[in-house]
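Observations on the model geometry
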Amino acid sequence: MKTKTPKQEIGYQSPLGRRGLRGVALVYLTVLLLIPLFVIIQDGLREGLTGLWHQVTLPIAWSALILTLWTAAIMTIINTMMGTLTAYALVRYDFPGKTIINSLVDLPLAIPTLVTGVMLVVLFGPQQALGALLKEQFGISIIFAPPGIIMALLFITFPFVVRTVQPVLLDLDRAQEAAATTLGAGSWTIFRRITLPPLILPMISGALLSFARAIGEFGAVVIVAGNIPLYSQTAAVYVLGEVESENRLGASAVSVVMIAIAFSLMMLVDWLQQRERKGSL
Amino acid sequence: MSIVLEQLTKRYDGHPVVNNVSLEVGDGEFFVLLGSSGSGKTTILSLIAGLVPADQGRILLHDREVTFLAPQQRKVGFVFQNYALFQSMTVADNVEFGLSIRKVPAAERRKRRDELLELVGLAGLGNRRPRQLSGGQQQRVALARALAYQPDVLLLDEPLGALDAKIRGELRRNLKNIQRQLGIATIFVTHDQEEAFDLADRIGVMSFGRLVEVGTPDELYQRPQTEFVASFLGTANLLVGDLTSEGVKVGKWYFPISHDCQQLSQDGRAQVLFRPEDVALAPEAAIMDSPKLGEAVVEEVSFGGAHERLRLRLPAISGVRSISPPVAFGSNSILVDATRSPEQAARFPLQQGDKTWVGVHRIHVLAHPGLSFLILSDGSLRSQAALNLGGQMARLAHARVTLIGWGAQGEALQSHLQEARRQLGSGLAALEVLTSEKEPAQAVRQAVERQQHDLVVLGFNHQEDMRLAEQLREAGDHHLLLVPRPQATPSKALICILSGEPGKDDVLFAGRLIRHLSADATLLSVLTPSSARQDSRARAERFLEGGVRSLSLLGVPAQTAIRSGTVPEEIQSEARDGSFDLLVLGAPLVRSGGGISLNGVAGQTLGLLPDIATMIVRSHYMAPG
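None of the values given here were measured: they were computed from a predicted structure. (Residues numbered from 1 in each chain as written. Chains lettered and ligands numbered in written order. Predicted model: local features only at pLDDT ≥ 70, side-chain atom pairs only at ≥ 80, totals over all residues. Heavy atoms only, no water.)

Looking only at helices and strands, chain A has 15 helices and zero strands in total. Computed over its C-alpha atoms, the radius of gyration of chain A comes to 24 Å, more than 25% above the 19 Å expected for a compact globule of 281 residues. With the C-alpha coordinates of chain A rotated into their principal frame, the extents come out at 70 × 60 × 35 Å. Split into buried and exposed, the 281 residues of chain A put 39% on the buried side. Restricting to contacts in chain A with at least 6 residues of sequence separation, those with at least 24 account for 76%. Of the roughly 16200 Å² that chain A leaves accessible, carbon and sulfur atoms contribute 70%. Here chain A carries 19 positive and 15 negative side-chain charges, and the mean point of each set is 13 Å from the other. (Helix = DSSP H or I, 4+ residues; strand = E, 2+ residues; numbered from the N terminus. Rg over C-alpha atoms; globule rule 2.2 N^0.38 Å. Buried < 20%, exposed > 50% of the residue type's maximum accessible area, 1.4 Å probe, protein only. Contact = heavy atoms within 4.5 Å. Areas by Shrake-Rupley, 256 points an atom, 1.4 Å probe, with all protein chains shown as cover. Lys, Arg positive; Asp, Glu negative; His and termini not counted. Charge placed at Lys NZ, Arg CZ, Asp CG, Glu CD.)

Given below as structure tokens:
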């Protein structure tokens, strides 16, 4: 005997409505996302893989890609540690102004990244007091140099780790820590063996998200970095330069590499988040 | 002694969740803390384990004071309500955790872990993750983990609460066996009576942060000391009868009382308890071999598995008042709960509406709690009046008195209290004198935290002390007597019932006090023009009649009066016309989130009658709006 499951009954929609809805979503995704992606990949591979490889390994392009990756990597390490710390402080401690600080965390998402660049120039520029001091006393230049890029990326990606770690930390069963206390564990042991393990996966997702976000950053970097080829020009800025000098193949080739990196990172994040969800069941 | 708690107190936001608790748990004893949720039982465990610091008191484990030790150093095994297993570790790592912290060598750790998993019946499951186990298995892992490092004492916080009934019974037996084998002193927290009776060597019953009574399951069930425990455990039939030299008189029967109850009551009344299984039923009086309460009508019959349960209604018995099961306001009949075995039921079948003779095999006399007064005095003229009247009433009611002196400084205060002590001195059940440099409301709050008082007495000026009166009402669950000027012991009390208030409890308290004063009472209800319809008058009459019957059961002669008009004015004219010298008013309960306000009818009435002692009884009705 055939019986209908209640789910079908409750979720019933006319076949037309169901198909229509799905159709609209797919068309939208195609026009907005897939076609441009396809076009740029096709454009980058216009002269085959060797042509793409040639464009990417041009010294200036190669240096821009490498700079982009290592600044993003350093930023990711710092951001993961400090973001986790911030989330921990926001969840576990009470201090004056906590609510305000909690909403400030998301601010970098809303501030135009150009403004972020300007802020850093105003703070650390060679003509400014702090910038001059660092330069004279320690020989460190921040603006128009890789440290400026890292600084800008740190600012822009600040929310990612905080906002992936925070909910997990909030959900964490404090009784486990109390149990560890009664069993004789000190606070460092408790952090290392009880609190930290469930945070590892969200920390990695947050780190990958901020890394992916960082490699494409343009607005803040273009102001802060100074765009000195072979020294402080990142991939995104390089692409702009190539577009302006009408080397479309160069622009597309580097773009394709950036897309490939971003795409694999996103796949990884997705996989990690699925694992995390399964784990918490 | 394995666990000793001395006057332990813990407050959250100034509110005591554990209130002056003292307890001793012997070596190898299985002690159960029983109480409803929010009674402070879990907090006691947290205090012992050191997870929260105590505000006052001491904790000793195996004669070692641990009050100020870190939880890591207390050697306490704790099983949490939700088990709190380490989700990121295997079962084996969970169990070994306490040992690995103590740097026990790996081989020994494994041996001990396997022993414990064997002990709790989970051998071979060491490689699982906690979330791969059933609730019952998780509970056993939590137990094994707590026991692994051989703690001095074991604390269990509702460990079986989240499991279904069948598994619970099985785990209960396991738990008891394991505890016996190891001989470890254990405190087990639960709200489940059956669990408590099944497991405990001794039970401690908790209510509102206090440890009300401690005893073996049998003692607490058969011979409780307090009304609270008698009605909290199982089903209780509780009556108030007269205490005589031959025993407690219930109706025409005298029930012998054990020698230790002789000095229970100073007011000649005693509460008696009998359980449903102590009730005997017979078709005729002649064949009843136990003392008879009378002939009752069967109100309800139901089957509770092994037993038949009956609820019976007895006609009023002179001089006897029923506490439990509760009867409707104004009714003076007595309800009795009874159980019978199937054989008894078969021999004498009963149905709803049938008549049966009711007797009792056995009764137990409770310590009838006497009244307790708190009098505030700052040496002023009106507090002198409060001292006089409060003291006089306390003497008549055999009440214990606590006197709080405040306001004045040093010598002046001392000499004033000296004088007060001399004045109050004789004829009191007990007198305790405290001085406080705090605000009076705060001092009262502190005093009632320590011990519940029935009545707080305050010298009162309606223009100056209204706010203080409100604060004192808010400070605890007591009634308030406001004394504006010196006066003789009241002989005529006017109990004002404002739209259903005071409720039954309040009329009963006022009645209890008024009986001690040998005063007469009048119950007054004022119908406002908006409510002065025919049916509301009839309803008010019925309500007042019920109140009169309740008062006459207490031995207070009472009359009724109904007026219509504005409430405070009508109360004023009734009080003046009848020359009453004690006014009883109801005050609404504390509203959630807000304080008590006496601005309404109560406040206006206080203003209109500035020279009569007024008792504000707490009402169990919520303020409207």
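Alright, that's what it looks like, and here's the rest.
Contacts between chain B and chain A engage 23 residues on the former and 19 residues on the latter. Between chain B and chain A, the buried area comes to about 1700 Å², and carbon and sulfur atoms account for 64% of it. The interface formed by chain B and chain A holds zero salt bridges in total. Remark: the boundary between chain B and chain A carries six residue pairs in polar contact (both at pLDDT 80 or more). Of all the elements, helix H2 (residues 91-101) of chain B adds the most residues to the side of chain B that touches chain A, at four residues. Residues that form the side of chain B that touches chain A fall into these classes: 14 nonpolar, six polar and three charged. (Buried area = accessible area lost by both parts, 1.4 Å probe. Salt bridge = Lys/Arg side-chain N within 4 Å of Asp/Glu carboxyl O. Polar contact = N/O pair within 3.5 Å; in protein donor to acceptor, adjacent residues only side chain to side chain. Nonpolar A, V, L, I, M, F, W, Y, C, P; charged D, E, K, R; others polar.)

This part covers the packing of helix H16 (residues 567-577) of chain B against helix H17 (residues 601-608) of chain B. Residue and element names in this part refer to chain B. Two elements in contact, H16 and H17, have axes separated by 9 Å at closest approach and are oriented at 40°. Taken together, the axes of H16 and H17 lie oblique to each other. H17 is crossed by H16, and the crossing has right-handed handedness. Here Val-567, Pro-568, Glu-569, Ile-571, Gln-572 and Arg-576 of H16 come into contact with H17, specifically with Val-601, Gln-604, Thr-605 and Leu-608. (Axes fitted to C-alpha atoms, helices over the stretch in contact; angles between N-to-C directions. Parallel < 35°, antiparallel > 145°, perpendicular 65-115°, else oblique. Left-handed = near helix turned anticlockwise from the far one by under 90°.)

Buried residues of H17(B): Ala602(B), Gly603(B), Thr605(B) and Leu606(B), and no others. Projected onto a plane normal to the axis of H17(B), the buried residues spread over an arc of 165° and lie on a single side. (Arc of directions from axis to C-beta.)

Turning to the packing of aromatic side chains, a few remarks are in order. Residue and element names in this part refer to chain B. Evaluation of the coordinates by the stated rule reveals eight aromatic pairs over all chains. Arranged with centres 5.8 Å apart and planes meeting at 40°, the rings of Phe-30 and Phe-188 form a pair that is tilted. Residue Phe-30 is found in strand S3 (residues 30-35), and its partner Phe-188 is found in strand S8 (residues 185-190); the two are separated by 158 residues along the sequence. Taking relative accessible area as the criterion, Phe-30 reaches 0% and is therefore assigned buried. Taking the centre distance of 6.1 Å and the plane angle of 90° together, the rings of Phe-197 and Tyr-221 count as edge-to-face. Remark: Tyr-221 occurs in helix H7 (residues 217-222) and Phe-197 occurs in helix H6 (residues 193-199); sequence separation between them is 24 residues. (Phe/Tyr/Trp six-rings, centres within 6.5 Å; stacked < 30°, edge-to-face > 60°.)

Our focus in this paragraph is a nonpolar patch on the surface. All names here are of chain A. A contiguous nonpolar surface patch, about 950 Å² in accessible area, is contributed by Leu-26, Tyr-28, Leu-29, Leu-32, Leu-33, Leu-34, Leu-37, Ile-41, Leu-45 and Leu-49. Ranked by residues supplied to the nonpolar patch, first place goes to helix H2 (residues 15-44) with eight residues. Among the secondary structure elements, Leu-49 is positioned in helix H3 (residues 48-56). (Patch = residues over 30% accessible without salt bridge, like charges linked within 9 Å, V, L, I, M, F, W, Y side chains within 5 Å.)

Turning our attention to unusual backbone geometry. All names here are of chain A. Phi is positive for Leu-230, which is not a glycine, with a value near 70°. Counting through the fold element by element, Leu-230 comes out in the loop between helix H13 (219-224) and helix H14 (235-244). On the basis of relative accessible area, Leu-230 is assigned to the exposed category, the value being 56%. In this structure, Glu-246 is a non-glycine residue whose phi angle is positive, near 60°. Within the secondary structure layout, Glu-246 lies in the loop between H14 and helix H15 (248-280). You can call Glu-246 exposed: its relative accessible area is 73%.

This brings us to the pairing of strand S12 (residues 247-250) of chain B. Residue and element names in this part refer to chain B. Pairing between strand S11 (residues 237-244) and S12: three bridges, direction antiparallel. When the bridges of S12 are listed, Leu-243 appears paired with Val-248. Counted between consecutive antiparallel strands, the loop separating S11 from S12 contains two residues. By the bridge criterion, three bridges tie S12 to strand S13 (residues 253-255) in an arrangement that is antiparallel. The residue bridging Lys-249 from the neighbouring strand is Tyr-254, located in S13. (Pairing = 2+ DSSP bridges.)

The next thing to look at is helix H7 (residues 113-124) of chain A. Residues and elements named next belong to chain A. An ideal rise of 1.5 Å per residue puts 16 Å on twelve residues; H7 measures up with 16 Å between its terminal C-alpha atoms. Among the residues making up H7, those that are buried are Thr-116, Gly-117, Leu-120 and Phe-124. Down the axis of H7, the buried side of the element spans an arc of 100°, and every buried residue falls inside it. The inward-facing, buried residues of H7 abut helix H8 (129-138), helix H9 (146-171) and H13. (Expected span 1.5 Å × (residues − 1).)

Right, let's talk about the pairing of strand S25 (residues 455-459) of chain B for a bit. Residue and element names in this part refer to chain B. Most of S25 sits inside the fold, with five of its five residues counted as buried. Side chains Leu-455, Val-457 and Gly-459 of S25 all project onto a buried face; the interleaved residues Val-456 and Leu-458 project onto the opposite face, where all are buried too. Relative to S25, strand S22 (residues 372-377) runs parallel, the two being bridged by three bridges. What sits directly across from Ile-375, in S25, is Val-457. In terms of strand pairing, S25 meets strand S26 (residues 479-483) through five bridges, oriented parallel. Paired with Leu-455 across the bridge in S26 is His-479. Between S25 and its parallel partner S26, the chain crosses via helix H13 (residues 466-474), and the hand of that crossover is right-handed. (Right-handed = clockwise from strand over helix to strand, strands pointing away.)

Here Gly38(B) lies in the loop between S3 and helix H1 (41-49). Considered as a pair, Gly38(B) and Val17(B) are 21 residues apart in the sequence and their alpha carbons are 7.8 Å apart.

A separate point is the environment of Ala225(A). All names here are of chain A. On the secondary structure map, Ala-225 appears in the loop between H13 and H14. Taking the relative accessible area as the measure of exposure, Ala-225 reaches 0% and is therefore buried. Ala-225 sits 82 residues away from Ile-143 along the chain, and the two C-alpha atoms are 6.2 Å apart.

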